[in-house]
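Now for the letters of each chain:
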Amino acid sequence: MQAAVVDPFAVMNAIGLVAFALVGSTKAIREEFDLFGIAVVGLVTAFAGGATRDVLVNRIPLALQSPIEIALGLAGVGLAVAASVVLESADDHPVTLFSDAVGLAAFTTTGAIVATEASVSGFGIVAIGTINAVGGGALADILLDRSPFILLEDFYASCTVLGGATYWLAVSLGSSGSVAAAICAAVTVGTRIAAVAYGWTVPTAQVLRTSP
Amino acid sequence: MQAAVVDPFAVMNAIGLVAFALVGSTKAIREEFDLFGIAVVGLVTAFAGGATRDVLVNRIPLALQSPIEIALGLAGVGLAVAASVVLESADDHPVTLFSDAVGLAAFTTTGAIVATEASVSGFGIVAIGTINAVGGGALADILLDRSPFILLEDFYASCTVLGGATYWLAVSLGSSGSVAAAICAAVTVGTRIAAVAYGWTVPTAQVLRTSP
Amino acid sequence: MQAAVVDPFAVMNAIGLVAFALVGSTKAIREEFDLFGIAVVGLVTAFAGGATRDVLVNRIPLALQSPIEIALGLAGVGLAVAASVVLESADDHPVTLFSDAVGLAAFTTTGAIVATEASVSGFGIVAIGTINAVGGGALADILLDRSPFILLEDFYASCTVLGGATYWLAVSLGSSGSVAAAICAAVTVGTRIAAVAYGWTVPTAQVLRTSP
């Protein structure tokens, strides 16, 4: 594996792009969009979070500069179309849910890495990690004219907040970027999978209220 | 009061952040969101307008750099949760409507200040003041999957346009930044409260039409 | 015509601003918005794509700096209000459909020109051309709380992708900017008008599927 020579940003970025393009395209296939719409929703899901991240830290989005990024996104779109041919309902298949959790962890981590390089505050690291991880899915939902599932699904965005906070804590305590990245990814994917498996929920304000 | 030593940007920014986080969280509480969703909608309402403003003038959003900003936003979220415990329908309580008018005036003014520093045109001052003031609420409505109320509510965004135009006029006529800020805030909050109190409306194109 | 002295960016930008402000305002009139809402939807349709383009390539949006841009946008809004007085259903009148196709071609081209100046990849040129051309209409639809028609309408965004790809190809093959701009505009407007006239569609993934 030679972890020392591998750039954690490049690896996680590639994983996240393929996974999120796959997840986004699968949703568009369920909605019976045409192939152009499938590609657009997949690429938006894969790239909108990272583009927002780059705009927030004042740089031209990586996706507009590197042809490799687009090739990875299109690979995810192609996988989704292939999966829809062989699977009955690809959009809630365990493979899709797992891809989504892995993409979430990968993008939380790459967002935290970029934010740390841009010297923002601890909150900034958590916010950019979260925007990077959930921004693409949220924009895809807005394009599909539905309330972003990140606001309805308990413990989805919460996992990225936990992951980003862990990254910031690890870096603050003096850990190296690679170690912080590994911990962040593990916390995000671990809490997300546990949340799905055990059906974790967050209380509403109504629960706190002293109702009659 | 020592108006001369107080930075109008810092004061109005703090007022706007607390007021808009309170208003946004109150809406999310009405929709029975969980505590995470309440915090997200409150922080989006408080920060999205300012983040858009900063991106438009090419700087990293203040909210990602300053921990004080986040503390103020979270204070507004906390106030909303506390209010929902003691009030029956906090989201249309006069205190919430008044907070919203005050936040609108504060953010129109801070937007106009930042725009003036960035040397944009007169229209740019009005546009950035408006985006700063209504952008957070509009994005919160989009996240809640409803048409932004700013387009449906007569004399909401109109008040910020009037306020921003007043700021630009005052600065063009040679007034100091502090005086322009005070006039802008007074015009915005005054027209907004008057619009609510007297039910002002703007005519539609159908009214102009020579219908049979 | 003196094509050599005319700046293709300035001409196409002016055409696109008037055409898209007209198209956007016409939609808002159909929705019975008030005059303020009509102006907002028209200006959003005209300016949001270009503002996103400018933010992506790290510059302050032109619309915030140049008063001429706003005058052109307001001219389009005024034309829409005037048209609504004399026409029964201005929003699907052939003049509106033609304005839309022309605006689409003009903005695809200006987006490709800005992208080329910013030295992004070939995909970046196509992406920024597309965002410039369809971003305003998509945001207007989101504000009107409906799924962006660009995802539902076959061969709308596809035309801008074809146009942007043609621009990139022409520039790559050594053509001058003016020639590439003319070809890009012609391909975009031509495919769009042909798509409307002949009812072209793109297949869905369901068509590819080996269904029983």
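Residues numbered from 1 in each chain as written. Chains lettered and ligands numbered in written order. Predicted model: local features only at pLDDT ≥ 70, side-chain atom pairs only at ≥ 80, totals over all residues. Heavy atoms only, no water.

1. Section: the interface of chain C and chain A
Inference 1: Across the contact, 30 residues belong to chain C and 30 residues belong to chain A.
Inference 2: Counting each side, the surface lost to burial between chain C and chain A is near 2500 Å², with a carbon and sulfur contribution of 67%.
Inference 3: Where chain C packs against chain A, one counts 0 salt bridges.
Inference 4: On inspection of chain C and its partner chain A, the count reaches 2 residue pairs in polar contact (both at pLDDT 80 or more).
Inference 5: Sorting the residues of the side of chain C that touches chain A by element identifies helix H2 (35-56), helix H5 (122-143), helix H6 (149-152), helix H7 (157-172) and helix H9 (205-208) of chain C as the ones contributing at least two each.
Inference 6: Broken down by element, the side of chain C that touches chain A gets its largest block of residues, 5 residues, from H5 of chain C. (Contact = heavy atoms within 4.5 Å. Buried area = accessible area lost by both parts, 1.4 Å probe. Salt bridge = Lys/Arg side-chain N within 4 Å of Asp/Glu carboxyl O. Polar contact = N/O pair within 3.5 Å; in protein donor to acceptor, adjacent residues only side chain to side chain. Helix = DSSP H or I, 4+ residues; strand = E, 2+ residues; numbered from the N terminus.)

2. Description of the environment of Val-86 of chain A
Residue and element names in this part refer to chain A.
Inference 1: Position of Val-86 among the secondary structure elements: in helix H3 (residues 67-86).
Inference 2: In this structure Val-86 comes out as exposed when scored by relative accessible area, which is 68%.
Inference 3: Separated by 74 residues in sequence, Val-86 and Met-12 place their C-alpha atoms 27 Å apart. (Buried < 20%, exposed > 50% of the residue type's maximum accessible area, 1.4 Å probe, protein only.)

3. Examining the relation of the copies chain C and chain B
Inference 1: Superposing chain C onto chain B takes a rotation of 120° combined with a translation of 0.0 Å along the rotation axis, leaving an RMSD of 0.0 Å. Such a combination of rotation and displacement between the chain copies is what one expects of a three-fold axis. (Least-squares fit on C-alpha atoms with pLDDT ≥ 70 in both.)

4. Looking at the environment of Ala-63 of chain A
Inference 1: Within the secondary structure, Ala-63 of chain A sits in the loop between helix H2 (35-56) and H3.
Inference 2: By relative accessible area, Ala-63 of chain A is classed as buried at 10%.
Inference 3: The spacing of Ala-63 of chain A and Ala-105 of chain A is 42 residues in sequence and 19 Å in space, taken between C-alpha atoms.
Inference 4: Contact partners of Ala-63 of chain A, with chain neighbours within four places excluded, come to Phe-47, Glu-69 and Ile-70 of chain A together with Phe-123 of chain C.

5. Comments concerning the UniProt feature "domain: Glycine transporter" (unreviewed entry) in chain A
Inference 1: Sites flagged by UniProt as "domain: Glycine transporter" (unreviewed entry) map to residues 11-82 and 98-170 of chain A.
Inference 2: With 81% helix and 0% strand, residues 11-82 of chain A has end C-alpha atoms that lie 24 Å from one another. (UniProt positions renumbered as here; feature names shortened; annotations may be inferred.)

6. Some remarks on the interface of chain C and chain B
Inference 1: Taken together, the contacts link 30 residues of chain C with 29 residues of chain B.
Inference 2: With both sides pooled, the region where chain C packs onto chain B buries about 2500 Å², and carbon together with sulfur makes up 67% of that total.
Inference 3: At the surface where chain C touches chain B, the tally comes to 0 salt bridges.
Inference 4: Counting every contact that joins chain C to chain B gives 2 residue pairs in polar contact (both at pLDDT 80 or more).
Inference 5: Broken down by secondary-structure element, the contributors of at least two residues to the side of chain C that touches chain B are H2, helix H3 (67-86) and H5 of chain C.
Inference 6: Here the side of chain C that touches chain B takes 7 residues from H2 of chain C, the largest share from any one element.
Inference 7: The residue inventory of the side of chain C that touches chain B, partitioned by class, reads 20 nonpolar, 5 polar and 5 charged. (Nonpolar A, V, L, I, M, F, W, Y, C, P; charged D, E, K, R; others polar.)

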